[in-house]
Amino acid sequence: MTQNRNILVIEDDPQERVALVRTLEEWGYAPTGVSGGEEGIREMAERGFRLLIISFDAPGLDAGGLLGQAKGGEDPAEVLFVSKTAPVEAAVEMMKAGALDFMIKPVDSEQLSHHVQRVFQSAIRGEDSDRGRRKRSSIQIVAQDPGMLKILDLARQVADSRASVLIQGESGTGKELIARYIHENSGRRQGPFVAVNCAALPETLLESELFGHEKGAFTGAIATKPGKFELAAGGTILLDEVTEMPLHLQSKFLRVLQEREIDRIGGRRPIPVDIRVIATTNRDMKETIEKKEFREDLYYRLNVIPLLLPSLRNRCVDIPVLARHFVEKYNDLDGRSVKDLAPDAIQKIMSLPLKGNVRELENIIERAVLLCDGELIRPADLFCDDISTCEAGGEVPGGEGFTGDFASRQLKDVEKNLIFQTLDETNGNRTHAAKILGISVRTLRNKLNEYKEGIDA
């Protein structure tokens, strides 16, 4: 069976239409050029097209209608818009509705070739449907909340475009997981996924890490080093906590988004990069702009596809589902056989503030699975993240809720027993025990020294 290599070009400018058709023919495709939307609809009714390239500026063009018709048939086609201007709102609207990308004229031939090849390679592999992409994605996101499901649906819709994505949300809401989900559901899934935490690197190192440097560019640059932007070529780069990027680097980053090229430190010429940019932050972007900590023009370049992740407190329906998911996860990882959470344990979890969101919930369940000595997790198996700040009047093993000095002594005993039990479960591995307890290794070491001093006294 001959593969469908048909491409429909809707372009009102005759010279641009002819040039684009000839280019596509040279690349081995079967393009058909028309001057307007009505002609395009007639062509679509007569034959099947794998890809539509549409000039958004064509007079009288119903862009939304053409996009809907292309995507709504039995054999849906991808749609690529081109435009002389940069109508950001229209571009976002079209990509949310399922457009592949929104390119600015004059169209970059390498970028166009990348899009066309990706469309037809996806057709060969049978990966052009959302269902196919979901089956191939290794990223599992557990959600039943309607708002979260809507975010996941939007993430799938825009996954195949080059549009920048800005994911905002509190710490622990799963921003990096959503970024990986977008990558896994895109045509770039075979390419690298490079994550950079802008808050974790000193300002003096961040520029070199992102943009790379040439040999001899500065003291200590003994060899040429490609940056993260180059290493992400053909794939996706995630800039985590992007609001922590220094202002002078923000201007260089803006150029990457505008020109799709980078300048190494000490470099003599720009280097083209083919990347998808996803950025995350847990801060209020508008507040950082008002404080002059983040460039407004960079914000608009990043915020083409905005995703605002709700806190776990605002998606309460997902708490029991996630809790049971983590029980299964840590049963497998730790060789346990906990069957479920008791109803009163679920009720206790639902009452927690969960300021750490999904990450905090996962820590709580991991500890509970390790400490549970039966088939069901009970409220006594659940401890808050910082065991040194648990309320004395709260529910603790071996007591009905105590007050005063006696309560304080009881709580210290519970804390001590919990630490030693966790160390026993982890075969004395302090790093793993500290992670389960939700404290630092230093805090754990200090606690153990405290207990030792008590014995020596």
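Residues numbered from 1 in each chain as written. Predicted model: local features only at pLDDT ≥ 70, side-chain atom pairs only at ≥ 80, totals over all residues. Heavy atoms only, no water.

*Asks:* Any chance you could explain the pattern of salt bridges here in plain terms?
*Replies:* Pairs can form between side chains of opposite charge whenever their charged atoms are close. Within this structure, the stated rule accounts for 24 salt bridges. With its nearest N and O atoms 2.7 Å apart, the salt bridge here joins E170 to R313. Of this pair, E170 sits in the loop between β6 (165-168) and α8 (175-184) while R313 sits in the loop between β14 (305-308) and α14 (318-334), placing them 143 residues apart in sequence. By relative accessible area, which is 31% here, E170 ends up partly exposed. What makes R313 partly exposed here is its relative accessible area of 34%. The salt bridge partner of K252 is E207, with a shortest N-O separation of 3.1 Å. Remark: E207 occurs in helix α9 (residues 203-211) and K252 occurs in helix α11 (residues 247-259); sequence separation between them is 45 residues. (Salt bridge = Lys/Arg side-chain N within 4 Å of Asp/Glu carboxyl O. Helix = DSSP H or I, 4+ residues; strand = E, 2+ residues; numbered from the N terminus. Buried < 20%, exposed > 50% of the residue type's maximum accessible area, 1.4 Å probe, protein only.)

*Asks:* I tried to follow the packing of aromatic side chains on my own but got confused; where do I start?
*Replies:* Working definition: an aromatic ring pair is given by the centre-to-centre distance plus the angle between the planes. Under the criterion given, the structure shown has six aromatic pairs. Between F229 and F253 the ring centres are 5.9 Å apart and the planes differ by 25 degrees, which places this aromatic pair in the stacked class. A residue pair is termed long-range when its members are at least 10 positions apart, and F229 in helix α10 (residues 228-231) and F253 in helix α11 qualify at 24 residues. When sorted by exposure, F229 lands in the same class as F253, which is buried. One Lys or Arg, K252, reaches over the ring of F211 and ends 4.3 Å from the middle of that ring. (Phe/Tyr/Trp six-rings, centres within 6.5 Å; stacked < 30°, edge-to-face > 60°. Lys NZ or Arg CZ within 6 Å of the ring centre and 35° of its normal.)

*Asks:* Just checking my understanding: could you explain helix α2 (residues 37-46) for this structure?
*Replies:* What sets the pattern is the α-helix's 3.6 residues per turn: residues three or four places apart point alike. Among the residues making up α2, those that are buried are G37, G40, E43 and M44. Buried positions in α2, seen along its axis, are confined to an arc of 115 degrees and lie on one side of it. Among the exposed residues of α2, those pointing more than 90 degrees away from its buried face are E38, A45 and E46. (Arc of directions from axis to C-beta.)

*Asks:* Help me understand the layout of surface pockets in this model?
*Replies:* Gaps left between atoms show up when a probe the size of a water molecule is rolled over them. Each pocket or cavity is described by its volume, and for the second largest pocket that value is around 570 Å³. Those elements that place two or more of their residues in the lining of the second largest pocket are α8, α14 and α16 (357-371). Along the lines of polarity and charge, the residues of the lining of the second largest pocket split into eight nonpolar, eight polar and eight charged. (1 Å grid on protein atoms, 1.4 Å probe; cavity = no way out; pocket = protein on both sides within 12 Å on 5 of 7 lines; lining within 4 Å. Points joined across faces, edges and corners; volume = space filled by probe spheres on them. Nonpolar A, V, L, I, M, F, W, Y, C, P; charged D, E, K, R; others polar.)

*Asks:* Where do I start with the packing of α14 against helix α15 (residues 343-351) in this structure?
*Replies:* In contact at an axis separation of 10 Å, α14 and α15 are set at 120 degrees when each is read in the N-to-C sense. Taken together, the axes of α14 and α15 lie oblique to each other. α14 and α15 meet at a crossing whose hand is right-handed. Facing α14, whose interface residues are I319, P320 and R324, α15 presents I346, I349 and M350. Of the residues in the contact of α14 with α15, the class split is five nonpolar, no polar and one charged. (Axes fitted to C-alpha atoms, helices over the stretch in contact; angles between N-to-C directions. Parallel < 35°, antiparallel > 145°, perpendicular 65-115°, else oblique. Left-handed = near helix turned anticlockwise from the far one by under 90°. Contact = heavy atoms within 4.5 Å.)

*Asks:* Where do I start with the nonpolar core in this structure?
*Replies:* Side chains that are nonpolar tend, in soluble globular proteins, to be buried together. Ranked by size, the top nonpolar core spans 46 residues in total, and within it L52, I54, F81, I167, I178, I182 and L307 carry the most contacts. Top element by residues in this core is helix α7 (residues 146-158). It accounts for six residues. When sequence neighbours within four positions are dropped, the list of residues in contact with L52 reads L8, M44, A70, A77, E78, V79 and L80. Counting 30 residues, the second-largest nonpolar core is a separate cluster that includes V242, I262, F294 and Y299. (Core = buried A, V, L, I, M, F, W, Y, C linked by side-chain atoms within 4.5 Å.)

*Asks:* Is there a simple way to explain the pairing of strand β2 (residues 30-34) in this structure?
*Replies:* Sheet faces and side chains relate simply in a regular strand, where the side chains alternate between the two faces. Bridge analysis of strand β1 (residues 6-10) against β2 gives five bridges, and the strand direction is parallel. Along β2, the bridge assignment pairs I10 with V34. A crossover connection joins β1 to the parallel β2 through helix α1 (residues 14-26); in handedness this β-α-β unit is right-handed. (Pairing = 2+ DSSP bridges. Right-handed = clockwise from strand over helix to strand, strands pointing away.)

*Asks:* Is there a simple way to think about the pairing of strand β4 (residues 78-83) in this case?
*Replies:* With six of its six residues buried, β4 lies for the most part within the structure. Residue alternation in β4 divides its side chains into two sets, E78, L80 and V82 and V79, F81 and S83, and both sets are buried. Relative to β4, strand β3 (residues 51-55) runs parallel, the two being bridged by five bridges. By the bridge assignment for β4, I54 is matched with F81.

*Asks:* I keep staring at the sheet that holds strand β7 (residues 193-197) and nothing clicks. Help me out?
*Replies:* Sheets are built from strands that pair by backbone hydrogen bonding, the pairs being arranged parallel or antiparallel. One open sheet holds the five strands; their spatial order is β7-β10-β13-β6-β14, and the pairing between them is parallel. Only two strands of the sheet have a single neighbouring strand rather than two, namely β7 and β14. When the angles between neighbouring strand axes are averaged without regard to direction, this sheet yields 15 degrees. Two elements, β6 and β14, share four bridges in a ladder whose sense is parallel. Residue pairing for β14: Q168 is matched across the bridge by L308. The sheet contacts of α7 involve β13 (276-281) and β14, and relative to β14 the element is tilted by about 155 degrees.

*Asks:* Before we go on, may I ask you to explain the sheet that holds β4 in this structure?
*Replies:* The strand order across the open sheet built from five strands is β2-β1-β3-β4-β5, with neighbouring strands paired in parallel fashion. Each having just a single partner strand, β2 and β5 (101-104) make up the two edges of the open sheet. With direction set aside, neighbouring strand axes in the sheet form an average angle of 20 degrees. Across the sheet, α1 is in contact with β1, β2 and β3; its angle to β2 comes to roughly 170 degrees. This element, helix α3 (residues 63-72), spans β1, β3 and β4 of the sheet and lies at about 160 degrees to β4.

Don't take any of this as a statement about function, it's just geometry.
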